[in-house]
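Inside the fold
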Amino acid sequence: MGNCECALEFPDVSEHLRAMSTLVQNGRGAALMTASMAAFTINDAFVKALSAAWPLDQILVLRGLGSAICLAVLALSLGSLRFRASRRDWMLVMVRSLSEVAAAYFFLTALINMPLANATAILQAVPLAVTLAGAIVLRERVGWRRFSAILVGFGGVMLIVRPASDGFNIFAAYALLAVLCVTVRDIATRQVSADMSSLTMAVVGAVTLTVLATLASPFSQSNWQPLSLGAMTLLTGSMLSIVMAYYFSVAVMRTGEISFVAPFRYTALLWALALGFVVFGDWPDLLTSIGAVIVVATGIFTFLRERRLQQT
């Protein structure tokens, strides 16, 4: 045979396997994020149903106590309950906890007095608010495209709230205040070092909520109600769903690419629409629906834009 060189070219198997692994991890992360949003929304539905039997302060105290115990057990079982951290971290955790307490009060007050989907739709503005706050507080770079999306997204929130209409009430303003408080919470969380685990912060937040709600309860004008079987069933459902929500939200941070997984947080609105209609018979009107679509669309755009910038 003549002098010929035959080169056999094989596909890069390792690169293909890495791509497949990333695809699987992203799919798992999307499922976990969807499950987390479902659990958070189911918790909201339980609380809204429970509000027909109990006043808000009773719900906050008993749910907070049960959630704190369940979260502590979960954190211990996962080896994630760690209290050794710097003074700066603890200051940030306290800011986070206090803002979470305020967010719980404002959002649950709005939730009790508004349709589930409406309150949830307003809360979907949090990623836009966090992006804007990150640019202002943390000096993160936000280009004109994302900044324009934020403005359009807040316009969508105004369609939901409609402050100039006759239907506007204080509870819509409470939902907006909840967005502000959650934004403060998330900005504080971003600055906490890795020494403090997510579940530890969740436990501290639940304990803080329980303590403050207990201290404030004697000043409430409402009277605590008997612990009936129906109310305790709703409370148990709320506690279990919030613990599951926290577990899934921690798991999702370890699974898949966050830029791919994050947009699936907007599935919360789909769950809220379904539960609001099936359980409470509520369905948002046309303007609210348009506003919700705008908020979700601009939120997804900001996630995708940030992902593209990180890849360049």
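Residues numbered from 1 in each chain as written. Predicted model: local features only at pLDDT ≥ 70, side-chain atom pairs only at ≥ 80, totals over all residues. Heavy atoms only, no water.

A word on the overall build of the protein chain. For the protein chain, the helix and strand inventory stands at twelve helices and zero strands. Moving toward the C terminus, one meets the helices and strands of the protein chain in the order α-α-α-α-α-α-α-α-α-α-α-α. For the protein chain, buried positions account for 46% of its 312 residues. Sequence-distant contacts, at least 24 apart, represent 89% of the contacts inside the protein chain between residues at least 6 apart. About 16,500 Å² of surface is accessible on the protein chain, with carbon and sulfur atoms providing 67% of the total. (Helix = DSSP H or I, 4+ residues; strand = E, 2+ residues; numbered from the N terminus. Buried < 20%, exposed > 50% of the residue type's maximum accessible area, 1.4 Å probe, protein only. Contact = heavy atoms within 4.5 Å. Areas by Shrake-Rupley, 256 points an atom, 1.4 Å probe, with all protein chains shown as cover.)

Summed over all chains, the structure comprises four salt bridges. For Arg96, the salt bridge is made with Glu100, and the minimal N-O distance between the two is 3.1 Å. Pair noted here: Arg96 and Glu100 are both in helix α3 (residues 87-113), with a separation of four residues, about one helical turn. Residues Arg96 and Glu100 agree in their burial class; the two are buried. The partner of Asp186 in a salt bridge is Arg185, with the nearest N and O atoms 3.0 Å apart. Each of Arg96, Glu100, Arg185 and Asp186 takes part in salt bridges that share partners, so that together they form one network. (Salt bridge = Lys/Arg side-chain N within 4 Å of Asp/Glu carboxyl O.)

What follows deals with the nonpolar core. Looking at soluble globular proteins, one finds that nonpolar side chains tend to be buried together. Core analysis: the largest hydrophobic core is formed by 52 residues, its most contacted members being Trp54, Leu108 and Ile122. Grouped together as the second largest cluster of nonpolar side chains are 13 residues, Ala72, Leu199, Ile242 and Val250 included. (Core = buried A, V, L, I, M, F, W, Y, C linked by side-chain atoms within 4.5 Å.)

Moving on to a nonpolar patch on the surface. Residues Met94, Leu98, Val207, Val211, Leu212 and Leu215 make up a contiguous nonpolar surface patch of roughly 490 Å² in combined accessible area. Mapped onto the nonpolar patch, the elements with two or more residues apiece are α3 and α8 (198-216). Ranked by residues supplied to the nonpolar patch, first place goes to α8 with four residues. Here Val207 shows up in helix α8. When its relative accessible area of 39% is taken as the criterion, Val207 is described as partly exposed. (Patch = residues over 30% accessible without salt bridge, like charges linked within 9 Å, V, L, I, M, F, W, Y side chains within 5 Å.)

Over its 14 residues, helix α11 (residues 267-280) runs 19 Å from end to end, which matches the ideal 20 Å to within 8%, given 1.5 Å per residue. Here α11 has its buried residues at Thr267, Ala268, Leu269, Ala272, Leu273, Leu275 and Gly276. Once α11 ends, the next one or two residues include Gly281, with phi positive near 70°. (Expected span 1.5 Å × (residues − 1).)

Relative to the elements of secondary structure, Thr302 occurs in helix α12 (residues 286-311). Beyond its immediate stretch of four places on either side in the chain, Thr302 contacts Leu128, Arg146 and Ala149.

This brings us to the packing of aromatic side chains. Scanning all chains against the criterion turns up nine aromatic pairs. Ring geometry for Phe106 versus Tyr174: centroids 5.3 Å apart, planes at 80°, classification edge-to-face. On the criterion of sequence distance, the pair formed by Phe106 in helix α3 and Tyr174 in helix α7 (residues 170-191) is long-range, its members being 68 residues apart. When its relative accessible area of 18% is taken as the criterion, Phe106 is described as buried. Clustering of aromatic rings is evident, with ring pairs tying together Tyr105, Phe106, Phe171 and Tyr174. A cation over a ring is seen here: Lys48 above Phe280, with NZ or CZ 5.6 Å from the ring centre. (Phe/Tyr/Trp six-rings, centres within 6.5 Å; stacked < 30°, edge-to-face > 60°. Lys NZ or Arg CZ within 6 Å of the ring centre and 35° of its normal.)

What follows is about the side chain of Gln124. Counting through the fold element by element, Gln124 comes out in the loop between α4 (116-123) and α5 (126-137). Note on Gln124: relative accessible area 3%, which makes it buried. Not counting chain neighbours up to four residues away, the residues in contact with Gln124 comprise Arg265, Tyr266, Ala268 and Val295.

The next point concerns the confidence of the model for the protein chain. The predicted model of the protein chain averages 87 in pLDDT, with 91% of residues at 70 or higher. Here helix α10 (residues 258-261) is the element of the protein chain with the lowest mean pLDDT, 72, and α3 is the one with the highest, 95. (pLDDT = per-residue confidence, 0-100.)

For the rest of this paragraph, the subject is the environment of Ser220. Tracing the backbone through its elements, the reader meets Ser220 in the loop between α8 and α9 (229-252). The sequence separation of Ser220 and Pro55 amounts to 165 residues, and the corresponding C-alpha distance is 9.3 Å. Side-chain polar atoms of Ser220 contact the side chain of Ser222, separated by 2.8 Å. (Polar contact = N/O pair within 3.5 Å; in protein donor to acceptor, adjacent residues only side chain to side chain.)

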